[in-house]
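Each chain is listed here by its residues.
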Amino acid sequence: MNAFFGNHMDIKNLDVRAFGKVAVVCGGWSSERKVSLHSGEAVLNALQSKGVDAHHFDPQAQDIALLRQFDRVFNVLHGTFGEDGGLQGVLEGFNIPYTGCGVLASAIAMDKFRTRLVWQGLGLPNVPYVVLHDDSDFAAVEAELGLPLFVKPAAEGSSVGVMKIKRPGELAEVYPTLKQYHGEILAERAITGGEYACAILGEQALPSIRIVPKTEFYDYEAKYLRDDTEYQCPSDLTEAQERDMHTLAKRALAALGGKGWSRVDFLKDDDGKLYLLEINTVPGMTDHSLVPMAAKHCGMDFATLCLAILAQTLA
């Protein structure tokens, strides 16, 4: 267990009283509220099962200033405010330790476009994309990226707003419907050799997971509502590809100044080349979620995983 932490913290012998009173922050106002509430319930139950003095906290229903009553925060507030640096900034102001990345890394990672700019600057492999605007030549974008392609809002998570474009002219038709979302709108090349996730816990990358949805792509329904999505852990990557993915995942997180825990998503083309897709600084913690799945493969049950993540706030 110690291998997950740079400070060699012994989770098995940890006195949970050291955490004090813990707020499990979830819910909020974003499009991912429902998923966040499920994550929060799972984390709360897990921490309480380990004897932690943990409490549910939903900023939609409770004054955020009430967080001053807590000693630390386990953040599973997915999406806006919880994953974009907002909550992190509040907690920094309150001088309350919290799980996961800080203000800057959270803010950048939430914006897929600006994350790509950072990765491009370091020469890391990105999925080819085009930023769309009202005056974009949508036909030219379809020709440049090829069909099918994907279009998505840059600042949403859980595949909210993601659409697959399959016929000429369709991109111009769906573009107006995406303007309801905050931030840029991205059109991306369809890379079809496989979708993967690589979780990072402390200083270690966990085994990769290949995601094989029965839907056309790994959309919200496949992530949270269906039971037929296939998850392969360990995945079908070769040993060399697995090492490359681990290296890329850690470099991708470090490039944003990230720490603690996260999940880095990848696509693989038909020739075996890996492309960074996005990074999640507050990954899902539901029964369908990937970080618990990878940790389980390493022999870490869900409650111990939650305790290990929270223990990083003691460092």
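Calculation notes
- Residues numbered from 1 in each chain as written.
- Predicted model: local features only at pLDDT ≥ 70, side-chain atom pairs only at ≥ 80, totals over all residues.
- Heavy atoms only, no water.
- Helix = DSSP H or I, 4+ residues; strand = E, 2+ residues; numbered from the N terminus.
- Buried < 20%, exposed > 50% of the residue type's maximum accessible area, 1.4 Å probe, protein only.
- Contact = heavy atoms within 4.5 Å.
- Axes fitted to C-alpha atoms, helices over the stretch in contact; angles between N-to-C directions.
- Parallel < 35°, antiparallel > 145°, perpendicular 65-115°, else oblique.
- Left-handed = near helix turned anticlockwise from the far one by under 90°.
- Nonpolar A, V, L, I, M, F, W, Y, C, P; charged D, E, K, R; others polar.
- Arc of directions from axis to C-beta.

### Brief notes about the overall build of the protein
Then step 1. Regarding its fold elements, the protein presents 10 helices and 13 strands.
Then step 2. Along the first, second and third principal axes, the C-alpha set of the protein runs to 60 × 45 × 40 Å.
Then step 3. Buried residues in the protein amount to 57% of all 315 residues.
Then step 4. Look at the contacts in the protein between residues 6 or more apart in sequence, and 67% of them connect residues 24 or more apart.

### Some remarks on the packing of helix α5 (residues 138-145) against helix α6 (residues 170-178)
Then step 1. Contact pair α5 / α6: the axes reach a minimum separation of 8 Å and the direction vectors enclose 115°. Here α5 lies roughly perpendicular to α6, going by the angle between them. For the pair α5 and α6, the sense of crossing is right-handed. Contact residues: α5 offers F138, V141 and E142, while α6 offers E170, L171, A172 and Y175.
Then step 2. Tallied by class, the residues present in the contact of α5 with α6 amount to five nonpolar, no polar and two charged.

### Let's talk about α6
The periodicity of an α-helix, 3.6 residues per turn, causes residues three or four places apart in sequence to face the same way.
Then step 1. If you check which residues of α6 are buried, you get E170, L171, V174, Y175 and L178. Buried residues of α6, seen end-on, are gathered within an arc of 130° and therefore sit on one face of the element.
Then step 2. Here the buried face of α6 lies against β4 (129-132), α5, β5 (149-153), β6 (163-165) and β7 (185-189).

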